[in-house]
Amino acid sequence: MFLEAMTWSQAKSFLSAEIIALLPLGSVEQHGPICPLGTDFIVPKELAKMVESLCPERVVVLPVMPYGVCPYHSGFAGTVDIGWELLSGVTKKIAEAVLKYGVRKFVFLNGHGGNGPALDDTALWIYRQGGIAAIIDWWSLAAELNSRWSGGHGTGQETSMMMALRPGWINREGFFETKITNLTDRMPSKYINAVSFGNGTIRIPRNVDEISSSGAFGEDDPREATPELGEEIITGIVSYLRDFIEAFLEVPLPNAFNK
Ligand SMILES: [Zn+2]
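What you are looking at is a predicted structure, and each value in this text was computed from that prediction instead of being measured.

Draft legend 1. The arrangement of the packing of helix 5 (residues 138–145) against helix 7 (residues 227–248) in detail. Axis separation between helix 5 and helix 7 bottoms out at 10 Å; the angle between their running directions is 100°. The orientation of helix 5 with respect to helix 7, classified from their angle, is roughly perpendicular. Facing helix 5, whose interface residues are Trp138, Leu141, Ala142 and Leu145, helix 7 presents Ile233, Gly236, Ile237, Tyr240 and Leu241. Considering only residue class, the contact of helix 5 with helix 7 consists of eight nonpolar, one polar and no charged.

Below is the structure:
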């Protein structure tokens, strides 16, 4: 069920410890030359809709939280960062409201890596209120489910997903080759927030516009993206999430105020 579609009396009877609140979250941020700024919240929003269609009596899908934590992308126009303190505060307030009406279990279906620390913070807060929250980063999950489904930022994986979900919003004519700038010769950029040194990876947060000329970063070439690959990834993730939700409903709750 969708919270936004219910009346308050329907919500009163549906919201309970027997269901899971599913909150899709993302970011409004640059996604390279061909993917739209809304990529990171559109993908989780659409995945959540599909999960709901498979188990409508098991979940209440909350309205998507489109804004997230992306200060390092702000050198590219259109990026809107709200900072991790605010995301942590907003998600706690959402959880507080839903807990009040009896729901104890949450799934944060996340579309953006920068949201991670804020979601960890909120998940532990929920736990200490006697609830429990799971955080699912769809792009990492996709890579674990199938190595062909892995991808970077604004590259083949995300382009394929958006070709499946919003085909008219892919700006193919805008494509240009990304020039990557390394931190030093000995520390090549490994990702937008990390470098390689020897055989290891070191996280060094920097401004993305100083690393990637297009804003994109990843080995999965967006020119090889297809809607079919996007559909394949979507089907795999949605089926996994349906199984996870069934199993998560059986997880015992912590003792409130006892942690
Ligand atoms: Zn993204």
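Draft legend 2. Region of the structure containing the pattern of salt bridges. Following the criterion strictly, the structure yields nine salt bridges and no others. Notably, a salt bridge pairs Asp243 with Arg242, separated by 3.5 Å at the nearest N-O pair.

Draft legend 3. Focus on the nonpolar core. In terms of nonpolar packing, the biggest core is built from 38 residues, with Leu47, Leu109, Trp138 and Ile237 touching the most fellow members. Put simply, the parts of the chain that give this core at least two residues each are strand 1 (20–25), helix 2 (39–54), strand 2 (59–61), strand 3 (105–110), strand 4 (132–137), helix 5, helix 6 (156–165) and helix 7. The element contributing the most residues to this core is helix 7, with eight residues. Core analysis: the second largest hydrophobic core is formed by 24 residues, Leu25, Met65, Ala95 and Phe108 among them.

Draft legend 4. Geometry of the environment of Arg148. Its location among the elements puts Arg148 in the loop between helix 5 and helix 6. Distance in space between the C-alpha atoms of Arg148 and Asp220 is 9.4 Å, their sequence separation being 72 residues.

Draft legend 5. Quick look at the environment of Asn207. One can find Asn207 in the loop between strand 7 (200–203) and helix 7. On a C-alpha basis, the gap between Asn207 and Pro71 in space is 8.1 Å, while along the polypeptide they are 136 residues apart.

Draft legend 6. Highlighting helix 2. Here helix 2 contains 16 residues, and its C-alpha end-to-end distance of 23 Å stays within 8% of the 22 Å for a straight helix at 1.5 Å per residue. Taken as a whole, helix 2 has its buried residues at Thr39, Asp40, Phe41, Ile42, Val43, Pro44, Glu46, Leu47, Ala48, Val51 and Glu52. The inward-facing, buried residues of helix 2 abut strand 1, strand 2, strand 3, helix 5, helix 6 and helix 7.

Draft legend 7. Representation of helix 4 (residues 116–128). An ideal rise of 1.5 Å per residue puts 18 Å on 13 residues; helix 4 measures up with 18 Å between its terminal C-alpha atoms. Among the residues of helix 4, Gly116, Ala118, Leu119, Thr122, Ala123 and Ile126 are the ones counted as buried. Taken down its axis, helix 4 places every buried residue within 155° of arc, on the same side. Packing partners of the buried residues in helix 4 comprise strand 1, helix 3 (84–100), strand 3 and strand 4.

Draft legend 8. Local environment of the coordination of the zinc ion. Protein coordination at the zinc ion comes from His31 (NE2), Asp40 (OD) and Glu158 (OE), with a distance range of 1.9 to 2.0 Å. All donors of the zinc ion come from a single chain, and their spacing in sequence reads H-x8-D-x117-E. We classify His31 as buried; its relative accessible area is 1%.

Draft legend 9. Examining the pairing of strand 4 more closely. Pairing of strand 3 with strand 4, which is carried by six bridges, proceeds in the parallel orientation. By the bridge assignment for strand 4, Leu109 is matched with Ile136. Between the parallel pair strand 3 and strand 4, the chain is carried across by helix 4, and the sense of this crossover is right-handed.

Draft legend 10. Inspection of the packing of aromatic side chains at higher detail. Inspection of every chain in the model, using the stated rule, returns two aromatic pairs. When the ring of Tyr191 is compared with that of Phe217, the centres are 5.7 Å apart and the planes differ by 75°; the resulting orientation is edge-to-face. Note that Tyr191 is positioned in strand 5 (residues 189–191) and Phe217 in the loop between strand 7 and helix 7, a separation of 26 residues in sequence. On the basis of relative accessibility, which here comes to 30%, the residue Tyr191 falls in the partly exposed class. Assessed through its relative accessible area of 9%, Phe217 is described here as buried. A centroid spacing of 5.1 Å and a plane angle of 20° characterise the contact between Phe244 and Phe248, whose relative ring orientation is stacked.

How each quantity is defined
Residues numbered from 1 in each chain as written. Predicted model: local features only at pLDDT ≥ 70, side-chain atom pairs only at ≥ 80, totals over all residues. Heavy atoms only, no water. Axes fitted to C-alpha atoms, helices over the stretch in contact; angles between N-to-C directions. Helix = DSSP H or I, 4+ residues; strand = E, 2+ residues; numbered from the N terminus. Parallel < 35°, antiparallel > 145°, perpendicular 65-115°, else oblique. Contact = heavy atoms within 4.5 Å. Nonpolar A, V, L, I, M, F, W, Y, C, P; charged D, E, K, R; others polar. Salt bridge = Lys/Arg side-chain N within 4 Å of Asp/Glu carboxyl O. Core = buried A, V, L, I, M, F, W, Y, C linked by side-chain atoms within 4.5 Å. Buried < 20%, exposed > 50% of the residue type's maximum accessible area, 1.4 Å probe, protein only. Expected span 1.5 Å × (residues − 1). Arc of directions from axis to C-beta. Donors = N, O, S within 2.8 Å, 3.2 Å for Na, K, Ca; no water. Pairing = 2+ DSSP bridges. Right-handed = clockwise from strand over helix to strand, strands pointing away. Phe/Tyr/Trp six-rings, centres within 6.5 Å; stacked < 30°, edge-to-face > 60°.

By themselves, these figures tell us nothing about what the structure is for.
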